[in-house]
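# An overview of the molecular structure
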There are 2 protein chains.
Amino acid sequence: MKILLHISFLGTAYAGYQIQKDQNTVQKVLCDGAERVFGFPCDITGCSRTDSGVHAKHFCATVTEKGKNTLHTSIPTERIPLAFGSVLPSDVSVFDAEEVSEDFHPRYDVLEKEYEYRIYNRRTRDPFSADRSWHYPKRIDDEALSKMRRAAKQLVGRHDFAAYMASGSSVEDTVREVKAAEVTREGDFIVFRVSADGFLYNMVRIFTGTLIGVAEGKISPEEISSITESKDRSRAGVTAPAAGLYLNKVTYKK
Amino acid sequence: MKILLHISFLGTAYAGYQIQKDQNTVQKVLCDGAERVFGFPCDITGCSRTDSGVHAKHFCATVTEKGKNTLHTSIPTERIPLAFGSVLPSDVSVFDAEEVSEDFHPRYDVLEKEYEYRIYNRRTRDPFSADRSWHYPKRIDDEALSKMRRAAKQLVGRHDFAAYMASGSSVEDTVREVKAAEVTREGDFIVFRVSADGFLYNMVRIFTGTLIGVAEGKISPEEISSITESKDRSRAGVTAPAAGLYLNKVTYKK
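About the cut-offs
- Residues numbered from 1 in each chain as written.
- Chains lettered and ligands numbered in written order.
- Predicted model: local features only at pLDDT ≥ 70, side-chain atom pairs only at ≥ 80, totals over all residues.
- Heavy atoms only, no water.
- Least-squares fit on C-alpha atoms with pLDDT ≥ 70 in both.
- Contact = heavy atoms within 4.5 Å.
- Helix = DSSP H or I, 4+ residues; strand = E, 2+ residues; numbered from the N terminus.
- Buried < 20%, exposed > 50% of the residue type's maximum accessible area, 1.4 Å probe, protein only.
- pLDDT = per-residue confidence, 0-100.
- Axes fitted to C-alpha atoms, helices over the stretch in contact; angles between N-to-C directions.
- Parallel < 35°, antiparallel > 145°, perpendicular 65-115°, else oblique.
- Left-handed = near helix turned anticlockwise from the far one by under 90°.
- Nonpolar A, V, L, I, M, F, W, Y, C, P; charged D, E, K, R; others polar.

Turning to the relation of the copies chain A and chain B, a few remarks are in order. Two copies of the chain are present, and they differ by a rotation about an axis and a shift along that axis. The transformation that overlays chain A on chain B combines an axial shift of 0.0 Å with a rotation of 180°, and the residual RMSD is 0.0 Å. The transformation just described matches what one would write down for a two-fold rotation axis. Closest to the rotation axis within chain A is the C-alpha of Phe 128 of chain A, separated from it by 5.2 Å. A share of 100% of the interface residues of chain A reappears at the interface of chain B, consistent with the copies meeting face to face through the same patch.

Residue and element names in this part refer to chain A. By secondary structure assignment, the location of Arg 158 is in strand β7 (residues 157-160). Overall, Arg 158 belongs to the exposed group, its relative accessible area being 55%. Those residues within four positions of Arg 158 in sequence are excluded, and the remaining contacts are Val 175, Arg 176, Glu 177 and Asp 197.

A few words on the confidence of the model for chain A. Across chain A, the average pLDDT comes to 97, with 100% of residues at or above 70. Here the complex is predicted with pTM 0.94, and the ipTM for its interfaces comes to 0.93.

All names here are of chain A. It is the contact of helix α3 (residues 142-153) with helix α4 (residues 203-215), at a shortest axis distance of 8 Å, that shows an interaxial angle of 135°. Considered as vectors, α3 and α4 are oriented oblique to each other. The handedness of the crossing between α3 and α4 comes out as right-handed. For the pair α3 and α4, the contacting residues are Ala 144, Lys 147, Met 148, Ala 151 and Ala 152 in the first and Leu 211, Ile 212, Val 214 and Ala 215 in the second. In terms of residue class, the contact of α3 with α4 is made up of eight nonpolar, no polar and one charged.

See below:
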């Protein structure tokens, strides 16, 4: 048996998910929390890495006894979220826990992930959205929004997305399948939601920067397919700031 | 001429609105900001005091030259919000500014204020709502919600609200007119919105604690009128935590 934790975190205070020496990371906080909950050192294996300042409404990670692929505990599984609640800081929460088999892997068994990118689109700043969105003060009107939607549609499908990968990434296979990509206006926010079987490094943030390029008229919606085909990072838009990005949902193969 | 600023702030980092010695307050931050914007020392006069940790989606304050009841500036009024934007910290924002006459008073001329109290009602904590809501983990079901609504309705009208005022307050006239009081479920939140011509000290937080008493079956919805009539603070509910409270809207007499 292993325990799969369903987690949410506000990424502002963290140098990303993954443990790094002398840095405060979400994985470290979960490791320390797990040791206090279970009473022995634990390994935490997450569903993905996230950058510094990126948030998660739903992140998944397994907890196992350190150096083993299993966990034995007398704590009933349904009580594990509250047990973590009493040891974790207020910006990280375990909202659910379930038993999974020893051959389950929280990264390799992912079927689909959904990300959300939030753009705060008013002239002045919003104190409640600071560090939780990209403040983009220039008005995105309905015409620009409609162009962003047309552009987003062209990202859907199985493509080589190398044009939307941060340079310096060492991944060899850059083909991914984008299942859905939608842009909506929600009050003062423009929200971009995208799901795929996997994502390249900075892919959602570069998608977002490209959509903003479309809103600004620098890129035409019809140009997206040729940017994708070019595999040329310099033809896509800027990398949107980390603070607007949320991992929304992780779905596993049954 | 005076300038009326429309402001929003996240109250977490502040010892409330009003300037106090050796404390970080919203008024102090606005005073310092105004001096940088206009180039001379200013007075900031707010529409109300708020407690430490309380937030405002819409707070109003006038800015005048220090010791005078007027302000002369060459900055066009429509540019004042952005000017403040470049000098204020990220948790305070001026989102609008308008010219008002010298006989306008931001506190005495208030016609109505609306507050919102946000209760996060899931078993586990939410990182995104920490310091921005009251985490109340026990499930408030539809029956309890309906009782809270019946109770809230009885607060509407012109009443002596002394039973819902923090003890130690020195206000003499405790009669206020509550114009509306509504309880709604919005996703994982229970939201209580109340508007009145004025509020006593801690009134919304004690209203909220009383509504939670109703949800828990400790107070019956029909008992509210008699609690109000009793003017007895000990019969009302607890004072809900500051973090869930938002000043939503300030309306002025024309």
